[in-house]
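Here are the chains, one letter per residue:
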Amino acid sequence: MSWTEIVIEIDRAHAEALSDALMEAGALSVSVEDADEGTEAEQPLFGEPGMEPAEAAWERSRVVALADVDADHAVLVAEAAAAVGLAQPPAYSLRPVEEQDWVRLTQAQFDPIHIGTNIWVVPSWHDAPDPNGLVLELDPGLAFGTGSHPTTRLCMEWLERHAPETLSVLDYGCGSGILAMVAKKLGAARVIGVDIDPQAIESARYNSERNQCEIDYYLPEQFGTIAQQERFDIVVANILSSPLKLLAPMLSARVAGGGALVLSGVLVRQADEVAAAYAPFIDLSVAGEHEGWVVLAGRAAGTR
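What counts as what
- Residues numbered from 1 in each chain as written.
- Predicted model: local features only at pLDDT ≥ 70, side-chain atom pairs only at ≥ 80, totals over all residues.
- Heavy atoms only, no water.
- Helix = DSSP H or I, 4+ residues; strand = E, 2+ residues; numbered from the N terminus.
- Contact = heavy atoms within 4.5 Å.
- Areas by Shrake-Rupley, 256 points an atom, 1.4 Å probe, with all protein chains shown as cover.
- Buried < 20%, exposed > 50% of the residue type's maximum accessible area, 1.4 Å probe, protein only.
- Pairing = 2+ DSSP bridges.
- Axes fitted to C-alpha atoms, helices over the stretch in contact; angles between N-to-C directions.
- Core = buried A, V, L, I, M, F, W, Y, C linked by side-chain atoms within 4.5 Å.
- Salt bridge = Lys/Arg side-chain N within 4 Å of Asp/Glu carboxyl O.
- Phe/Tyr/Trp six-rings, centres within 6.5 Å; stacked < 30°, edge-to-face > 60°.

Caption draft 1: Structural context of the overall build of the protein. Looking only at helices and strands, one finds 10 helices and 14 strands in the protein. Residue pairs in contact within the protein that sit at least 24 positions apart in sequence constitute 66% of those at least 6 positions apart. Carbon and sulfur atoms provide 50% of the accessible area of the protein, an area that totals close to 15500 Å².

What follows is the structure, encoded as structure tokens:
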């Protein structure tokens, strides 16, 4: 089957509405790009977490709609333009889309990821570069966490340096379950993962079964009921600074005496304010930094 891309350059005010209208008119998919990409006028759209723009569009946007090669492209554009109140259809160009093996093309973008000293995150269609390493078979998916993001990497490296052999570990905000699985493969005796997203819980359970890791996963309300006031030798939370600050009393209370609290999802400029939120409970300091992100770690008073 062949397709055609309909390429329309339009102002910021109409980009989002036109995209929706093109889908309604029969486009198979629509994307929006910066029309000034590659020039001096190119501008970033998304900044740091929590600083996203209210409108996902550039001053001069390029709307790219995918349609069947045999579709009436002029009618499709005209219908979309009328739907958003444009006086006349905008100018557009057509680009042919060649038939390709999209599955293989997508898979080619994801190679094994080497983390720390001995950890490998390997997609299912690859062989492990070092079968004797700590290998996690993990495909990119909807749940956050393949090891490619600096915050995930920082937490994995911390766990490798402080192997939780025979210890209990809580992964709060577990996403794909990658940190919970690393802890289990490093010898943790008991591992629990918690996430607010039911889809993440489902993904984490699937990944853990595939990697032969015995881990219990819960939504927060289930965790509060089942684990009640259970405390853990290591509590790791890779979320973002705002929820981490709100969760300070709860997460700190889950750390056993002498146990470690490990936090990431924190930008360098946010480290002091996150540490201050935990100061009444546990003294945290920067234990690693990568690409503008940090991991904070500290130990609770008392002994295990």
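Caption draft 2: View of the pairing of strand β11 (residues 232–238). Along β11, 7 of the 7 residues are buried, which leaves the element largely enclosed by surrounding structure. Taken together, the 4 bridges between strand β8 (residues 168–172) and β11 define a ladder with parallel strand orientation. Across the sheet, the residue bridging to Tyr-172 is Ala-237, located in β11.

Caption draft 3: Broad picture of the sheet that holds strand β14 (residues 293–299). With respect to topology, 7 strands assemble into an open sheet ordered β10-β9-β8-β11-β12-β14-β13, the strand pairing being mixed. In this open sheet, the two edge strands, each paired with only one partner strand, are β10 (216–218) and β13 (285–290). Averaged over all neighbouring strand pairs, the angle between strand axes comes to 15°, with direction disregarded. As paired elements, strand β12 (residues 255–267) and β14 share 6 bridges and run antiparallel to each other. Residue pairing for β14: Leu-267 is matched across the bridge by Trp-293. Sheet contacts for helix α5 (residues 178–185): β8, β9 (190–194), β10 and β11; angle to β9, the most-contacted strand, approximately 180°. Taken strand by strand, helix α10 (residues 271–278) contacts β12, β13 and β14, and its axis lies near 155° from that of β12.

Caption draft 4: View of the nonpolar core. In terms of nonpolar packing, the biggest core is built from 38 residues, with Met-156, Tyr-217 and Ile-234 touching the most fellow members. The next biggest cluster of nonpolar side chains, apart from the first, holds 26 residues, and it includes Val-255, Ile-282, Leu-284 and Val-294.

Caption draft 5: Geometry of the pattern of salt bridges. Tallied over the entire structure, the rule returns 8 salt bridges. In this structure, Glu-9 engages Arg-62 in a salt bridge whose closest nitrogen and oxygen atoms are separated by 3.6 Å. Here Arg-62 lies in strand β3 (residues 60–68) and Glu-9 lies in strand β1 (residues 3–11), a separation of 53 residues in the sequence. On the basis of relative accessible area, Arg-62 is assigned to the buried category, the value being 15%. Where salt bridges share partners, they join Glu-9, Glu-33, Arg-60 and Arg-62 into one cluster.

Caption draft 6: Here's a closer look at the packing of aromatic side chains. Enumeration over the complete set of coordinates arrives at 2 aromatic pairs. Here the aromatic rings of Tyr-172 and Phe-223 are separated by 6.3 Å at their centres, their planes lie at 65°, and the arrangement is edge-to-face. Pair noted here: Tyr-172 is in strand β8 and Phe-223 is in helix α7 (residues 220–226), with a separation of 51 residues, a long-range link. Since its relative accessible area comes to 10%, Tyr-172 is described here as buried.

Caption draft 7: Quick look at the sheet that holds strand β7 (residues 134–137). Taken together, 3 strands build an open sheet; the order of strands is β5-β6-β7 and the sheet is mixed. Edge strands, defined here as strands with exactly one partner in the open sheet, are β5 (113–115) and β7. Taking the axes of each pair of neighbouring strands and ignoring which way they run, one obtains an average angle of 20° across the sheet. Both β5 and strand β6 (residues 119–122) contribute to a ladder of 3 bridges, which runs antiparallel. By the bridge assignment, Ile-115 is partnered in β6 with Ile-119. Across the sheet, α5 lies against β6 and β7, angled at about 145° from β7, the strand it touches most.

Everything listed here is a matter of coordinates, which is why it stays silent on function.
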